[in-house]
Structure formats: structure tokens, C-alpha cells
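In case you want the letters, here they are:
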Amino acid sequence: MKKTALTILALLLFPCATVVAAAPAAGDRAEIQALRRQLDELKKSGYRPELGEQMLILQIRHARLWFAGEAENWNLATYEVQELKEALDAVAKYNADDANLQPLRLADVMPAMTRGPIADLRKAVDSKNKAAFEKAFDGLSVACTGCHHVAGNDMLVIQRPETPLLDNLRVAPPR
Ligand code: HEC
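Residues numbered from 1 in each chain as written. Predicted model: local features only at pLDDT ≥ 70, side-chain atom pairs only at ≥ 80, totals over all residues.

Q: Explain the overall build of the protein chain to me, please; I cannot follow it from the model alone.
A: When you go through the protein chain residue by residue, the secondary structure sums to six helices and zero strands. Listing the helices and strands of the protein chain from first to last along the sequence gives α-α-α-α-α-α. Counting the 175 residues in the protein chain, one finds 19% classified as buried. Considering only residue pairs separated by 6 or more positions, the protein chain has 53% of its internal contacts joining residues 24 or more positions apart. (Helix = DSSP H or I, 4+ residues; strand = E, 2+ residues; numbered from the N terminus. Buried ≥ 20, exposed ≤ 12 C-beta atoms within 10 Å, placed from the backbone. Contact = placed C-beta atoms within 7 Å.)

Q: Please explain the site of the ligand as it appears in this structure.
A: Within the structure, the ligand sits among 22 residues, and Gly52, Met55, Asn100, Cys144 and Cys147 are positioned closest to it. Taken together, the elements giving at least two residues each to the shell around the ligand come down to helix H3 (51-70), helix H5 (106-126) and helix H6 (130-150). Tallied by class, residues from the shell around the ligand come to 15 nonpolar, seven polar and no charged. (Near = placed C-beta within 6 Å. Nonpolar A, V, L, I, M, F, W, Y, C, P; charged D, E, K, R; others polar.)

Q: Can you help me understand helix H2 (residues 26-45) in this one?
A: A turn of α-helix holds 3.6 residues, and therefore any two residues three or four places apart point the same way. The terminal C-alpha atoms of H2 lie 29 Å apart, and with 20 residues this matches the ideal 28 Å at 1.5 Å per residue to within 8%. Little of H2 sits out of view: just zero of its 20 residues are buried. (Expected span 1.5 Å × (residues − 1).)

Q: Is there a simple way to think about helix H4 (residues 74-94) in this case?
A: Under the 1.5 Å per step criterion, the end-to-end length of H4 is 30 Å for 21 residues, consistent within 8% with the ideal 30 Å. Burial in H4 covers these residues: Leu76, Ala77, Glu80, Val81, Leu84, Leu88 and Val91. Looking straight down H4, one finds that the buried residues subtend no more than 140° of arc, so they occupy a single side. Residues of H4 that are exposed and angled more than 90 degrees away from the buried face: Asn75 and Glu86. Of the surrounding secondary structure, the elements contacted by the buried residues of H4 are H3 and H5. (Arc of directions from axis to C-beta.)

Q: Is there a simple way to think about the environment of arginine 160 in this case?
A: Inspection of the secondary structure puts arginine 160 in the segment after H6. Taking the number of C-beta atoms within 10 Å as the measure of exposure, arginine 160 has 12 and is therefore exposed. A C-alpha to C-alpha distance of 9.2 Å links arginine 160 and glutamate 134, two positions 26 residues apart in sequence. With residues up to four places along the chain from it excluded, the contact list for arginine 160 reads Trp66 and Ser141.

Q: How should I be thinking about the packing of H5 against H6 in this particular structure?
A: The N-to-C vectors of H5 and H6 enclose an angle of 170°; their axes lie 8 Å apart at closest approach. Put simply, H5 runs roughly antiparallel to H6. Contacts between H5 and H6 involve Val109, Met113, Thr114, Pro117, Asp120, Leu121, Ala124 and Val125 from the former and Ala132, Phe133, Ala136, Phe137, Gly139, Leu140, Ala143, Gly146, Cys147 and Val150 from the latter. Residues of the contact of H5 with H6, tallied by class, amount to 14 nonpolar, three polar and one charged. (Axes fitted to C-alpha atoms, helices over the stretch in contact; angles between N-to-C directions. Parallel < 35°, antiparallel > 145°, perpendicular 65-115°, else oblique.)

Q: Could you clarify how one ought to interpret unusual backbone geometry in this entry?
A: Outside of glycine, negative phi angles account for most residues, and trans bonds account for most peptide bonds. Cis geometry is adopted by the peptide bond preceding proline 103, which originates at glutamine 102 and carries an omega value of 10°. Even without a glycine there, the phi angle at glutamate 72 is positive, about 55°. Mapping glutamate 72 onto the fold places it in the loop between H3 and H4. Taking the number of C-beta atoms within 10 Å as the measure of exposure, glutamate 72 has 15 and is therefore partly exposed. Of note, the phi angle at lysine 128 is positive, near 50°, even though the residue is not glycine. Mapped onto the elements of the fold, lysine 128 is located in the loop between H5 and H6.

Now the structure itself:
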């Protein structure tokens with residue numbers, strides 16, 4: 001009888017003991033909070049590219065894409081469209097709330113303005129259609145300039161490039 005009572009008591013206590021063990025003690029909670037604060041500080045001090053810096057990357061990718069399409073090097077053009085898309089995504093990620101576009105959020109404006117032109121470029125490049133490529137490329141340039149207008153930077157007009165910036169990456173398709 002006494003043994004049974006002890007067993008029941010143990011069974012009753014056991015789950016309680018687990019619950020107590022799972023909840024962190026006050027000291028642990030304080031330590032977790034301190035670690036969280038340190039993590040937030042680290043995130044703040046981590047790599048955060050400036051918007052102007054990221055725009056220079058966009059400018060280079062935009063030009064590279066043009067010369068790849070003009071040379072009808074569709075593999076290279078496909079690659080450059082993807083790189084440009086990733087560069088646009090990175091702008092929205094790292095400068096989501098840039099002051100230039102306030103009260104609008106850059107994180108909203110960027111995809112809204114560039115999604116269409118990027119999709120058109122993908123289609124043109126996939127179908128190896130130079131005329132469609134040129135049209136889609138101009139559509140992208142209009143989107144670039146359009147956002148500069150929204151940001152109050154009307155002097156930043158994006159156009160078709162005429163001269164390759166760098167010529168150490170061959171644009172001619174491999175023979
Ligand atoms: C969502 C808005 C937005 C889009 C889309 C956008 N830009 Fe910009 N761009 C800006 C803003 C804002 C600035 C001004 C940055 C600053 O003052 O730091 C800028 C500046 C620039 C500059 C000037 C950089 C310099 O230092 O001289 C270039 C070049 C540029 N953008 C290229 C492009 C290209 C190419 C595209 C399209 C592929 C593009 N941008 C799309 C917002 C945008």
C-alpha cells in the first residue's frame with residue numbers, strides 16, 4: 001500500500017519535474033537576454049552596403065547585360081539577367097527603408113517597378129529574340145530612371161550603354 005502510494009506520488013511529480021527543468025531559471029533568462037542584445041549589436045555592425053554603392057553594381061550589371069544581348073550570347077545574357085535580379089534583391093534587402101524614398105518603402109517600390117521588366121528580359125533571352133531583348137532592356141532602363149524620379153533624383157537618367165566599361169570578359173558567344 002505504502003509502495004503504491006509512493007509510485008503514484010512519483011508519477012505525479014515526474015511530469016512536474018520535467019516542466020520545472022524546461023523553464024529557464026531567472027539567471028538563465030537574464031543571460032539569454034544579454035546574448036540577444038549582443039546579437040542585435042552584431043547585426044547592426046555587420047556588412048551593410050550603402051545604396052549608392054549598390055547602384056554602381058546595378059549600373060555595371062545593366063551595361064554587361066546590354067553587351068551580352070547585343071552579341072546574341074544568350075548563355076551570358078541569361079547569366080547577367082540573373083545577376084542583375086540578385087543585385088536588385090540585395091538593394092531591397094539591405095536598404096529596405098532608405099531615406100531617399102520615404103515615406104515609401106524601397107523594399108516595396110523596388111520589386112513593384114522592376115518585376116515586369118525582369119520577367120520580359122527573361123522571356124526575351126530564353127527565346128533568343130534580339131528585338132524583344134532590346135525592347136525589354138529599354139523597359140528596364142525606364143524602370144531604373146522611374147525610381148530615380150520617385151526618389152527626387154531626376155538627373156539620374158539610365159540609357160543604353162555605347163561603350164563597354166570593361167572588355168576583359170569576352171561577350172562574343174563561344175565558337
Ligand atoms: C527602387 C528605386 C531604384 C531603382 C529601381 C533603381 N535605382 Fe538607381 N538609385 C536610386 C536612388 C535612391 C539613388 C540615389 C542614391 C544615393 O543618393 O545614395 C540611385 C542612384 C543611382 C546611380 C548613381 C550612382 C552614383 O553614385 O553615381 C546609378 C548609376 C543608378 N542608380 C543606376 C541604376 C540602375 C542601372 C538601375 C536599374 C537597373 C537603378 N539604378 C534602379 C534608386 C533606384
